[in-house]
Number of protein chains: 2
Amino acid sequence: MGEFDLIKRFFTRATPLAVLGVGDDCALLQPSPGMQMAISSDMLVSGLHFFADVDPRALGHKALAVNLSDLAACGASPTAFTLALALPEADPAWLEPFSQGLLALADLHGCELIGGDTTKGPLNICITVFGEVPKGQALLRSGARAGDDIYVSGTLGDASLALAHMLQERNGKDGVQAGAQESSKARQPQFPAADLAQARQRLEWPTPRVALGMALRGVATAAADISDGLLGDLGHILDRSGTGATIDTALAFDLLGAHRYSAQTAAQLAVPELRNTVLQHVLSGGDDYELVFTAAPAQREAVQAAALASNTPVARIGQIDRAPGLRLLDPQGKLLDHHFNSFDHFAAPV
Amino acid sequence: MGEFDLIKRFFTRATPLAVLGVGDDCALLQPSPGMQMAISSDMLVSGLHFFADVDPRALGHKALAVNLSDLAACGASPTAFTLALALPEADPAWLEPFSQGLLALADLHGCELIGGDTTKGPLNICITVFGEVPKGQALLRSGARAGDDIYVSGTLGDASLALAHMLQERNGKDGVQAGAQESSKARQPQFPAADLAQARQRLEWPTPRVALGMALRGVATAAADISDGLLGDLGHILDRSGTGATIDTALAFDLLGAHRYSAQTAAQLAVPELRNTVLQHVLSGGDDYELVFTAAPAQREAVQAAALASNTPVARIGQIDRAPGLRLLDPQGKLLDHHFNSFDHFAAPV
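What you are looking at is a predicted structure, and each value in this text was computed from that prediction instead of being measured.

Trainee: Quick question: what am I supposed to make of the sheet that holds strand E2 (residues 35-45) of chain A here?
Mentor: Hydrogen bonds between backbone atoms are what pair the strands of a sheet, whose relative direction is either parallel or antiparallel. What the five strands build is an open sheet, ordered E4(A)-E3(A)-E5(A)-E2(A)-E1(B); its pairing is mixed. Each edge of the sheet is formed by a strand with only one pairing partner; in this case those strands are strand E4 (112-120) of chain A together with strand E1 (27-29) of chain B. Taking each pair of neighbouring strands and ignoring which way they run, the sheet shows an average axis angle of 20°. Summarising the sheet, strand E3 (residues 77-87) of chain A and strand E5 (residues 124-134) of chain A pair through nine bridges and their orientation is antiparallel. Across the sheet, Thr82(A) pairs through a bridge with Thr128(A), a residue of E5(A).

Next up, the structure:
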């Protein structure tokens, strides 16, 4: 199957909103009056961001989800995306489910596939996504102010726990979580199959928090999506805002949502010796695609209203400080003396 | 060097035009009132679109040039781009010249690097470029009408000839031009070093015809850039316009611009036995990044004015027909019975 047949068969669709979609040298968008265009690109590489044998339907979903998550972090409403795809071969048995997973999520968000590129090469997926946000209302990383509360949406740590388990199974040895040198040496919690499947669902089918991001316009002072781990991504907010922060690790630990797992797993996750290992997954594990955001204490009701309106749980886990640096408090309110690594695709590939 | 240091060091620059550049979850653009946004993505893969040992400065230039060429084909004015880059390692000795070649061309076109992604992986460069064009004035592939003249900018065939030679040198055997099965079996013209260097310059440092594209707004009826070969890319115009075309191969042959080469090479290119081989490069060779466009005969003076204003030579080589299909005429005006292959990245990788 040639390149053009391939594009036509799986990726050419009606684009009622775009001025011009797939099939010309460029796509054309007509931005809405008064809106700014939010743009983000993410590249997913086989063996690094996903296992080569991952379900292609899940991969299609995730490839777009991680981009939509960037729009969510800015409070932008998705409008369109381009897909550039390098494939070892033009295999319809792979392309069909991949395109289905991709386009189902696109449809859910009214996000049109307007163009892109396909080529032979080592499997690589590069999506650039476009969204709109009213002028001046985008949520930026730079807006956090001392005294602001720090919130996280949904749950954290599942994706990282699932990845550690999958690597453990594949390697037949202790799980190695990408970028988490501490936890690679540490004993990992053991998951029964049903619990692992639940955690793995979060790794492979992340939910971009688009509705929450849009509901937080005018409420949050800063936001970022958690792709590389809470501490690292909060760190970007602190860097860009010129502030520090204090996190209550007891509240952060609760982000794991251990009650969602079986009693056996929940009990295990609460074992004191595993606490720092679990915290490592929660604080530094990547791939959850939740939002971390800040808001003034006067906005607590507004934050809860945004959470309700978007049907997305949010939890308050700390506050922004004038003093630079990131402080972690233990359950007794004392400074926690433990280093949690952040994720870096160059420092520690899968 | 970590991912974030890498981005900061080579790819973070002031973006005076964009609302927000590199460093947040999304970039923000404020589209100009009355303008539509033209968008194109191209992915370049090592070993397929370029040799792994190519000069990284040239590669940086070409990676953006091929995207700007898509904007040119739509008559759009470049504004910004995103860069997603997969690298086997974060090597400053490669990244510095790559970024210099990339950003020099960006600066030339006032096209700001506003965001992107970097990751470990087999070398892959995915750029998405943004441009603006007044509402309804974009040059599309679909606008060609029977009776229109067909024009090509600049020269054609150099890049393909250079590639055939380089492959010949590397393989130590007859040159194989990607996608050109005819010419791979045929004797190739031999180039002295200076002529090869000139042809290779066209392969490695293509000039996107941005100024010409903009000058053709309201003049051309349809346009496409020639990335995969004249016949293939003109074919897209014919498909989208529901028309056919007749090309005068004597005029097309002149697109090679043999006079630019040494007398020795020029004489060789004119040898009758090599004529179809040379025509294959001109008609089907990729990577020249010239424009093929159509315009009504009443616009001949306007086309020449656009060529002058943009300092870009253009040549008229045929006309659009009502009858579907692509007819090639020999110098005697008879139908040429010869098949020239088009380029397909899946059908015939380098």
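Trainee: How should helix H8 (residues 230-241) of chain A be read in this particular structure?
Mentor: What sets the pattern is the α-helix's 3.6 residues per turn: residues three or four places apart point alike. Residue and element names in this part refer to chain A. Compared with an ideal rise of 1.5 Å per residue, which puts 12 residues at 16 Å, H8 spans 16 Å between its outermost C-alpha atoms and is within 8% of the ideal. Of all the 12 residues making up H8, 10 are buried; the element is thus mostly covered by neighbouring parts of the structure. Turning to H8, its buried residues number three or more, namely Leu 230, Leu 231, Gly 232, Asp 233, Leu 234, Gly 235, His 236, Ile 237, Leu 238 and Ser 241. The first or second residue beyond H8 is Gly 242, which carries a positive phi of 65°.

Trainee: Hey, could you run me through the relation of the copies chain A and chain B in this one?
Mentor: Superposition of the two copies of the chain requires a rotation about an axis and a shift along the axis. Here chain A sits on chain B after a turn of 180° about the axis and a move of 0.0 Å along it, with an RMSD of 0.0 Å. The superposition of one copy onto the other is thereby described by a two-fold rotation axis. Here 100% of the contact residues of chain A are again contact residues in chain B; the copies associate through an equivalent surface.

Trainee: Which parts of the structure should I look at to understand the packing of helix H2 (residues 56-74) of chain A against helix H3 (residues 92-108) of chain A?
Mentor: The description of two helices packed together rests on the angle between their axes and the distance between the axes. Residues and elements named next belong to chain A. As a packed pair, H2 and H3 sit with axes 6 Å apart at the nearest point and diverge in direction by 35°. Considering the relative orientation of H2 and H3, their crossing is right-handed. Residues Pro 56, Arg 57, Leu 59, Gly 60, His 61, Leu 64, Ala 65 and Leu 68 of H2 touch H3, and the partners they reach there are Trp 94, Pro 97, Phe 98, Gln 100, Gly 101, Leu 102, Leu 105 and Ala 106. For the contact of H2 with H3, the residue count by class is 11 nonpolar, four polar and one charged.

Trainee: Please explain the interface of chain A and chain B as it appears in this structure.
Mentor: Where interface size is given, it is often the accessible area lost as the parts come together that is meant. At the interface, 70 residues of chain A touch 70 residues of chain B. Contact between chain A and chain B buries roughly 5,300 Å² in total, counting both sides, with carbon and sulfur atoms accounting for 60%. Linking chain A to chain B there are two salt bridges. The residue Asp25(B) makes a salt bridge to Arg141(A) at a minimum N-O spacing of 3.2 Å. Put simply, chain A and chain B have 21 residue pairs in polar contact (both at pLDDT 80 or more) between them. Broken down by element, the residue count for the side of chain A that touches chain B peaks at 10 residues, all from E2(A). When the residues that make up the side of chain A that touches chain B are grouped by side-chain class, the tally is 39 nonpolar, 17 polar and 14 charged. Looking at chain direction, strand E1 (residues 27-29) of chain A and strand E2 (residues 35-45) of chain B are connected through three bridges and run antiparallel. Across the sheet, the residue bridging to Ala27(A) is Ile39(B), located in E2(B).

Calculation notes
- Residues numbered from 1 in each chain as written.
- Chains lettered and ligands numbered in written order.
- Predicted model: local features only at pLDDT ≥ 70, side-chain atom pairs only at ≥ 80, totals over all residues.
- Heavy atoms only, no water.
- Pairing = 2+ DSSP bridges.
- Helix = DSSP H or I, 4+ residues; strand = E, 2+ residues; numbered from the N terminus.
- Axes fitted to C-alpha atoms, helices over the stretch in contact; angles between N-to-C directions.
- Expected span 1.5 Å × (residues − 1).
- Buried < 20%, exposed > 50% of the residue type's maximum accessible area, 1.4 Å probe, protein only.
- Least-squares fit on C-alpha atoms with pLDDT ≥ 70 in both.
- Contact = heavy atoms within 4.5 Å.
- Left-handed = near helix turned anticlockwise from the far one by under 90°.
- Nonpolar A, V, L, I, M, F, W, Y, C, P; charged D, E, K, R; others polar.
- Buried area = accessible area lost by both parts, 1.4 Å probe.
- Salt bridge = Lys/Arg side-chain N within 4 Å of Asp/Glu carboxyl O.
- Polar contact = N/O pair within 3.5 Å; in protein donor to acceptor, adjacent residues only side chain to side chain.

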